[in-house]
Amino acid sequence: MQSLEGLDELYEQIVLDHYRNPRHSDLLTSPAVDIEVNNPFCGDEIRLQLKTGDDGRVSAVSVAGRGCAISQSSGSLLTELVHGKDAAGLHGTVTLVRRLMKGDPVSEAEMDALGDLSALSGVRKFPVRIKCALLAWSALEEAAEKLEQGAK
Amino acid sequence: MTHARSKYSRGTPSGGTLLDTARIRADFPILNRQVNGRTLIYLDNAATSQKPRHVIQSIVDYYERYNANVHRGVHTLSVEATDVYEEARRKVARFINAPSEKSVIWTRNTSEAINLIAYSWGDANVGEGDNIVTTAMEHHSDIVPWQQLARRKGAQVRYIPVGRQGALDMAVARNLIDRRTKLVAAMHASNVLGTINPVGELALIAHAVGALMLVDGAQSVPSMPVDVQALGCDFLAFSAHKMCGPTGIGVLYGREDVMERMQPWMFGGDMISEVTYEGAKWNDLPYKFEAGTPNIADAIATGAAVDYLDELGMGNVWAHEQALGAYALERFKELEEFHVMGPRDPGLRGGLVSFFHDTVHPHDLGQALDRMGIAIRTGHHCAMPLVRGHGIAAAARASFYIYNTEAEIDALIDGLKDAAGYFARK
Ligand SMILES: Cc1ncc(COP(=O)(O)O)c(C=O)c1O
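### Thoughts on the overall build of chain B
Part 1: A count of helices and strands for chain B gives 14 helices and 19 strands.
Part 2: Relative to the globule expectation of 22 Å for 426 residues, the C-alpha radius of gyration of chain B, 22 Å, shows essentially globular dimensions.
Part 3: With 426 residues in all, chain B has 57% of them scored as buried.
Part 4: In chain B, the share of contacts with a sequence separation of at least 24, taken over all contacts with a separation of at least 6, comes to 71%.

So this is what it looks like as structure tokens:
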């Protein structure tokens, strides 16, 4: 659509694909953590669940919600980045994603580690949408804290 | 209502009356702006309107030619500034048919005007067990001040419910407003539903139980003839920035006898008549409520905005808005998966349309339209309880004003079709 030229900068194909076909969105049975966050300003909602193995590492994840394409695709992309990570690893990923969205320099190796999520980096140019992109990640941060507390 | 024909208006083939937008648009420099390579289509007028050159120039003139403080000096500039400043107040008084300019208080905006009443009048007149009746479609600025007042005083806030057709349930209103009601506060025109509320009728019900009536005119005063005496309201609040005027200034109209009895809520210069080390005597209305150097430049520009609207004729402005609102409602019927909020009868509403899509979030729609140079509002519109009551968290809104055209509404509809196609879940 000619009139929407330039919109792809924010909504890359891979982002739209995650929005239209969210990954890992089925709820888990007996998750270790189950967190709901919302952004009252936009009305975006995200529910994030994690299961962990005996080693404390994430063995299953679910993200479901409703809201804009940015918040929901970010949640879906998140589900591809948490497997096998312990609480410290999750915190590290959250910090890295925050840096990416806020426009801090991110190394090539770090970008690689983010996989498809790097497609969301266009959000940097749309300051009002950064909050949307980070909603799921605030849920993950809370989840990591809960996992740490559970381990103590 | 008959409309005086201004040189700015003309009939339309469809029978409605549209203003001469080509002529009006030439007065608004910003409408030439390019956004993302397109000529701006500004459909966020309920948030704030654009400003005609005449208003912008009035601010420049004040600062370049007669900048001085008001009410304070004998020198020429101060006298000139005071004259123009007070003339602006008289223009506003005439604009809303206030009996006297003494009952026109400058505030920062609608919100501050309502807070002034909540503190100055509310704290003195609302007590434990009393209630304040407002509506379920209110803007946050006509909800939160009453909630806080109720909390301070042990009083209760009651909400007149909104029916499915976007109208207030007046039968319930009659039950909610009782002997313990001290104030009824309602918006005249809804910034979300577009509904025009029967505030005159509410004023009668309020007065019958000895309560006062406050009208939030933020959306009505810019758009339609508003006559405080015909409405029978005791207070009216509105903002200049939504009616071709500048930001940073608004108006509280209050019935003179009520305001005579009210205590000031801010203290300092200008609002006193005499100060000793022991105390002070309050100045007369309206100054009693205007502590400190006022927003002189913006008051003057508000006078210029009123001149501009008077020239168009508020009856014509209203006819134009209703015609555009009706046209938009009709065009929205073509859009599958889009839902329009508020009354279905265009005769019951003003020039704005709020809507949502089955799956696509309003922010995504707004972002896509921005690409096409079309500015709409998305979000909760400062009416979270109302929007949530529709089972959604956010909505999109297109709101029209004197310079908008049917062609711009056509562009909006085309844009929404494209946007929905772009995001639709496969
Ligand atoms: C109905 C209504 N009331 C109150 C307000 C608040 O106006 P302001 O932000 O100028 O105080 C608005 C504007 O958004 C409004 O639409």
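### Focus: the overall build of chain A
Part 1: Across its full length, chain A holds five helices and three strands.
Part 2: Along chain A, helices and strands appear, N-terminal first, in the series α-β-β-β-α-α-α-α.
Part 3: Over its C-alpha atoms chain A spans a radius of gyration of 15 Å, differing by no more than 12% from the 15 Å that the globule rule assigns to 152 residues.
Part 4: Taking the principal axes of its C-alpha atoms as reference, chain A extends roughly 55 × 30 × 25 Å.
Part 5: For chain A, contacts bridging at least 24 residues in sequence account for 60% of all contacts bridging at least 6.
Part 6: Taken as a whole, chain A presents about 7000 Å² of accessible surface, with 49% of it coming from carbon and sulfur.
Part 7: Across chain A, 16 positive and 23 negative side-chain charges occur, with their mean positions spaced 4 Å apart.

### Overview of the site of the ligand
All names here are of chain B.
Part 1: Around the ligand, the structure places 13 residues, and the nearest of them are Ser111, Asp216, Gln219, Ser239 and Lys242.
Part 2: The separation between a nitrogen atom of the ligand and a polar side-chain atom of Asp216 is 2.5 Å.
Part 3: The side chain of Lys242 places a nitrogen or oxygen atom 2.7 Å from an oxygen atom of the ligand.
Part 4: Against a free-state accessible area of 390 Å², the protein chains account for coverage of 87% of the ligand.
Part 5: Split by residue class, the shell around the ligand holds two nonpolar, nine polar and two charged.

### Some thoughts on the environment of Ser354 of chain B
Residues and elements named next belong to chain B.
Part 1: Looking at the element boundaries, Ser354 is found in strand 16 (residues 352-357).
Part 2: Taking relative accessible area as the criterion, Ser354 reaches 0% and is therefore assigned buried.
Part 3: Each C-alpha atom of the pair Ser354 and Thr378 lies 9.2 Å from the other, and the pair is 24 residues apart in sequence.
Part 4: Leave out the neighbours within four places in its chain, and Ser354 touches Asn191, Val192, His339, Val340, Met341, Ala396 and Arg397.
Part 5: Within the structure, the side chain of Ser354 is placed 2.6 Å from the backbone oxygen of Val192, a separation counted as a polar contact.

### A closer look at the environment of Gly150 of chain A
All names here are of chain A.
Part 1: Mapping Gly150 onto the fold places it in helix 5 (residues 127-151).
Part 2: For Gly150, a relative accessible area of 62% translates into the label exposed.
Part 3: Sequence-wise, Gly150 and Val33 are 117 residues apart; in three dimensions their C-alpha atoms are separated by 9.6 Å.

### Points about the interface of chain B and chain A
Part 1: Chain B puts 24 residues into the contact, and the matching count from chain A is 28 residues.
Part 2: Across the interface of chain B and chain A, roughly 2200 Å² is buried in total on both sides, 52% from carbon and sulfur atoms.
Part 3: With its nearest N and O atoms 2.9 Å apart, the salt bridge here joins Asp364 of chain B to Arg129 of chain A.
Part 4: Put simply, chain B and chain A have eleven residue pairs in polar contact (both at pLDDT 80 or more) between them.
Part 5: In terms of residues, the side of chain B that touches chain A owes the most to one element, helix 12 (residues 362-371) of chain B, which gives five residues.
Part 6: Grouping the constituent residues of the side of chain B that touches chain A by class yields ten nonpolar, seven polar and seven charged.

### With respect to the layout of surface pockets
Part 1: A volume near 570 Å³ is recorded for the largest pocket.
Part 2: Around the largest pocket, the lining is made up of 24 residues, and of these Arg164, Val340, Met341, Gly342 and Arg344 of chain B lie nearest the centre.
Part 3: Elements supplying a minimum of two residues to the lining of the largest pocket: helix 11 (314-332), strand 15 (338-340) and helix 13 (384-389) of chain B.
Part 4: Among the residues making up the lining of the largest pocket, the classes are represented as twelve nonpolar, seven polar and five charged.
Part 5: If you count residues domain by domain, the lining of the largest pocket takes at least three from each of domain 1 (9-51 + 313-425) and domain 2 (56-310) of chain B.
Part 6: Looking at the second largest pocket, its volume works out to about 400 Å³.
Part 7: Lining the second largest pocket are 18 residues, with Val128 of chain A together with His363, Gly366, Ile376 and Thr378 of chain B sitting closest to its centre.
Part 8: The set of elements that each furnish at least two residues to the lining of the second largest pocket consists of helix 5 of chain A together with helix 12, strand 17 (374-375) and strand 18 (377-379) of chain B.

The rules we used
- Residues numbered from 1 in each chain as written.
- Chains lettered and ligands numbered in written order.
- Predicted model: local features only at pLDDT ≥ 70, side-chain atom pairs only at ≥ 80, totals over all residues.
- Heavy atoms only, no water.
- Helix = DSSP H or I, 4+ residues; strand = E, 2+ residues; numbered from the N terminus.
- Rg over C-alpha atoms; globule rule 2.2 N^0.38 Å.
- Buried < 20%, exposed > 50% of the residue type's maximum accessible area, 1.4 Å probe, protein only.
- Contact = heavy atoms within 4.5 Å.
- Areas by Shrake-Rupley, 256 points an atom, 1.4 Å probe, with all protein chains shown as cover.
- Lys, Arg positive; Asp, Glu negative; His and termini not counted.
- Charge placed at Lys NZ, Arg CZ, Asp CG, Glu CD.
- Near = heavy atom within 4 Å.
- Polar contact = N/O pair within 3.5 Å; in protein donor to acceptor, adjacent residues only side chain to side chain.
- Nonpolar A, V, L, I, M, F, W, Y, C, P; charged D, E, K, R; others polar.
- Buried area = accessible area lost by both parts, 1.4 Å probe.
- Salt bridge = Lys/Arg side-chain N within 4 Å of Asp/Glu carboxyl O.
- 1 Å grid on protein atoms, 1.4 Å probe; cavity = no way out; pocket = protein on both sides within 12 Å on 5 of 7 lines; lining within 4 Å.
- Points joined across faces, edges and corners; volume = space filled by probe spheres on them.
- Domains from an automatic or database assignment.

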